[in-house]
Amino acid sequence: MPAPAFCGVCLEPRRVCVRLSRVQEKNAHSLTLPVLALTLGRWCLNTGTRMVYPFLPAFSRALNISLLQASRLVAVRSFAGILSPLFGPLSEQHGRRPILILCLIALNASSLLVLVAPGPAAFGIALILIALIKVIYDPTLQAYIGDAVPYASRGRIISITEISWSAALLVGAPLVGWLIGWLGWQAPFVGLGLGGLLAGIILWRVMPPTPPRTTAAPRLSDVGRVVRRHPVILAAAAYTLLLMLANDIIFIVYGDWMERAFGLSLGTLGLASGIIGGSEILGELSAGWAVDRFGKRPVVISAGVAGALVYALLPLLGVSLTTALVMLALTFYFFEVTVVGGIPLLTELVPQARGIVMSTIMAAAAVGRALGAWLGPQIWLRGDLRANGITSAALALLAILVLARWVREAPDNSHDSQTSSRKLF
């Protein structure tokens, strides 16, 4: 049997895998500006993704459509993540740098669409395009860091780019609320597009060249083969889907709830979203501190159960603006601990197929968010926030049950790359 073309540990071409450590050491010193530019670009994408949640009522009013119609556009947008495995080979075949820069140029073009043809159709198309760009940009960014940074310091660099997710609410949401109130609903799209273009120009100037790594990327058929051989991947996908579904059933309606219950202005609603972003940063830092000290599974299970309890209590205790903000902050704190704390666990389910595992989980997360964006408003419009809270709590507990019962790290077996790849494929 001929030796596999791809390494069983990292799924990279074997000749690339051999040279990887030399390239990492050579390029690590020149990463400061590229990483800052990459983080700026990711912040623009994350803000474009997350701004629709707190400001969905404002967008629906400006577009003269119902909240339910606007939420359906968000649900369609969320399905873009399912396509993540399709775009994986792009940066392998064309190089990381060109794909990252093209993504940021495309972000600018898609954001300007709302100026050319303002209306519900342009709004929906812009959301879908931003989501598609994100599922290409994020894995390519992570792959570039994996190429360029030695493993011993890789976590620190990745954590810098991950802060862009929390900063999308902490910084992005107040800015979006101000822009909508001052210049109209198109203004945030235009601002994010210009920010993405700026990040792309900086990358073009400071990012080292990244030549194509192979002309024959791994086939998509490998994904299905690996998933069939390792059922734990399906369990992890089910856990992720349920967790994201539970959170989005609350997240998709909290802006409308706070507007109705407390009469918040756009600026105050943006500030509330900033508080949530701050709680997410605390959750990320807490997860990073706790999981290595107390164990991945105990921390994730404890945070997941606590988060489910907060979902159920949010409608009961959120009777004033102060308590509502505290409960929302707790909701997203525990959710972030659960998600970020679970990433190391998920990357060790099938160590020789991490790329396939994470792309499958990303697709499952997209399905969960899409279902949450569709189901949340329907529950909200037919009942009240208590129904959303109870549904989210039940789904979160079910997710933790799946993780506790079926999602476990692979046994600590040491196989060489060739043996692992033969077992994998």
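Please refer to the structure higher up on the page.
Right, let's walk through the structure included here. (Residues numbered from 1 in each chain as written. Predicted model: local features only at pLDDT ≥ 70, side-chain atom pairs only at ≥ 80, totals over all residues. Heavy atoms only, no water.)

1. Description of a nonpolar patch on the surface
On the surface, Leu175, Trp178, Trp182 and Leu183 cluster together to form a nonpolar patch covering roughly 480 Å² of accessible area. Assignment of secondary structure puts Leu183 in helix H9 (residues 151-183). Accessibility expressed as a relative area gives 52% for Leu183, which makes it exposed. (Patch = residues over 30% accessible without salt bridge, like charges linked within 9 Å, V, L, I, M, F, W, Y side chains within 5 Å. Areas by Shrake-Rupley, 256 points an atom, 1.4 Å probe, with all protein chains shown as cover. Salt bridge = Lys/Arg side-chain N within 4 Å of Asp/Glu carboxyl O. Helix = DSSP H or I, 4+ residues; strand = E, 2+ residues; numbered from the N terminus. Buried < 20%, exposed > 50% of the residue type's maximum accessible area, 1.4 Å probe, protein only.)

2. Focus on the packing of aromatic side chains
Tallied over the entire structure, the rule returns 8 aromatic pairs. Aromatic side chains Phe59 and Phe123 sit 5.2 Å apart centroid to centroid with 40 degrees between the ring planes, which places their arrangement in the tilted category. Linking Phe59 in helix H3 (residues 52-63) with Phe123 in helix H8 (residues 120-148), this pair joins segments that are 64 residues apart in sequence. This pair shows no difference in class: Phe59 is buried, exactly as Phe123 is. Of the aromatic side chains, those joined through ring pairs into one cluster are Phe59, Phe123, Trp185 and Phe189. (Phe/Tyr/Trp six-rings, centres within 6.5 Å; stacked < 30°, edge-to-face > 60°.)

3. Some thoughts on the packing of helix H12 (residues 231-262) against helix H17 (residues 385-406)
Two quantities define a packed helix pair, namely the angle between the helix axes and the distance between the axes. Between H12 and H17, whose axes approach to 9 Å, the crossing angle comes to 160 degrees. Comparing the axis directions of H12 and H17 gives the class roughly antiparallel. Here the hand of the crossing between H12 and H17 comes out left-handed. Here the residues of the contact of H12 with H17 are counted per class, giving 20 nonpolar, 4 polar and no charged. (Axes fitted to C-alpha atoms, helices over the stretch in contact; angles between N-to-C directions. Parallel < 35°, antiparallel > 145°, perpendicular 65-115°, else oblique. Left-handed = near helix turned anticlockwise from the far one by under 90°. Nonpolar A, V, L, I, M, F, W, Y, C, P; charged D, E, K, R; others polar.)

4. Considerations on helix H2 (residues 32-50)
For H2, which comprises 19 residues, the first-to-last C-alpha distance of 26 Å matches the rise-based estimate of 27 Å (1.5 Å per residue) to within 8%. Within H2, 15 of the 19 residues are buried, which leaves it mostly tucked inside the rest of the structure. (Expected span 1.5 Å × (residues − 1).)

5. A word on the pattern of salt bridges
Taken as a whole and judged by the stated rule, the model has 6 salt bridges. The residue Asp138 makes a salt bridge to Arg42 at a minimum N-O spacing of 3.1 Å. Here Asp138 is found in helix H8, whereas its partner Arg42 is found in helix H2, with 96 residues between them in sequence. For Asp138, a relative accessible area of 5% puts it in the buried group.

6. Here's the deal with helix H14 (residues 296-317)
Its 22 residues give H14 an end-to-end C-alpha distance of 30 Å, which sits within 8% of 32 Å, the value for a rise of 1.5 Å per residue. At Tyr311, H14 shows its largest kink, close to 30 degrees, and the proline Pro315 lies no more than four residues downstream. (Bend = angle between axes of the 7 residues up to and from the residue.)

7. Section: unusual backbone geometry
Phi is positive for Asn64, which is not a glycine, with a value near 60 degrees. Examined against the element boundaries, Asn64 turns out to sit in the loop between H3 and helix H4 (67-78). Judged by its relative accessible area of 71%, Asn64 is exposed.

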